Amino acid sequence: VQLGIYKKNTLKYKPMSILVLRPGLFHRIRASKNNDLYALEVENPYIKKDLIRMEDNYGRKNQDYENLSKTKEIAKENVIFKKPKINQKNIYHLNGIEISLAYYKNFNRWRSKNDNTISIILDGLIVNDKKKIVIKEGEIVKSLTLKNLSKNFDIKNKILVLKAKKIAK
């Protein structure tokens, strides 16, 4: 991952790493020479008006986000995430990663030890006793962190969480 405009600011990340970028930070993600790259990128808000491409290998330099006319049909082999029903967990498998989507009213059912999964809050809030926001949509944290936070804070209504974990071989 290149952070900022200088190539010397390039860092390598291990599988299942979390990287949170501040708004406006130029960045570039690419695979190493010998390995494929699978990255799950979450943008919040998802409709951006501020994108500026300095460089682009696909002919989009100085262009902003593509509009719907640039989209293509979803192929059969693509994974399509569907919003789960209440009390239901949708599970997907993608390149050695298990991804689940579920609503939670609390985290009582979560494992509390050795949980190496990553969680992304897609909708909902975790708040303190004065209703101040502690975690909101778009946040990416280790699942164990959410479990620990739930000991002191509450889910407001319900929360939609995407969990990702590496499948043991």
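Everything numeric here is computed off the predicted structure, so don't read it as measured data. (Residues numbered from 1 in each chain as written. Predicted model: local features only at pLDDT ≥ 70, side-chain atom pairs only at ≥ 80, totals over all residues. Heavy atoms only, no water.)

J.: What exactly am I supposed to notice about the side chain of Ser100 here?
T.: Within the element layout of this structure, Ser100 appears in strand β4 (residues 97-104). Residue Ser100 is classed as buried on the basis of its relative accessible area of 7%. When sequence neighbours within four positions are dropped, the list of residues in contact with Ser100 reads Lys89, Asn90, Ile91, Val161, Leu162 and Lys163. (Helix = DSSP H or I, 4+ residues; strand = E, 2+ residues; numbered from the N terminus. Buried < 20%, exposed > 50% of the residue type's maximum accessible area, 1.4 Å probe, protein only. Contact = heavy atoms within 4.5 Å.)

J.: Hey, could you run me through the pattern of salt bridges in this one?
T.: Charged atoms that come close allow side chains of opposite charge to pair. This model, assessed by the stated rule, comprises one salt bridge. Here Lys165 ties to Glu98 by a salt bridge, and the two come within 3.9 Å at their closest N and O atoms. With Lys165 in strand β8 (residues 154-166) and Glu98 in strand β4, this residue pair connects regions lying 67 residues apart in the sequence. The partly exposed category is assigned to Lys165, whose relative accessible area is 30%. (Salt bridge = Lys/Arg side-chain N within 4 Å of Asp/Glu carboxyl O.)

J.: I would appreciate a short explanation of the environment of Lys12 in the present structure.
T.: Relative to the helices and strands, Lys12 is located in the loop between β1 (2-3) and β2 (27-28). Taking C-alpha positions, Lys12 is 8.9 Å from Gln2, a pair spaced 10 residues apart along the chain.

J.: What should I look at first to understand a nonpolar patch on the surface in this one?
T.: Together, Leu40, Val42, Val79, Phe81, Leu94 and Leu122 give the surface a local cluster of nonpolar side chains, amounting to about 430 Å² of exposed area. Tracing the sequence through the fold places Phe81 in the loop between β2 and β3 (89-94). Overall, Phe81 belongs to the partly exposed group, its relative accessible area being 35%. (Patch = residues over 30% accessible without salt bridge, like charges linked within 9 Å, V, L, I, M, F, W, Y side chains within 5 Å. Areas by Shrake-Rupley, 256 points an atom, 1.4 Å probe, with all protein chains shown as cover.)

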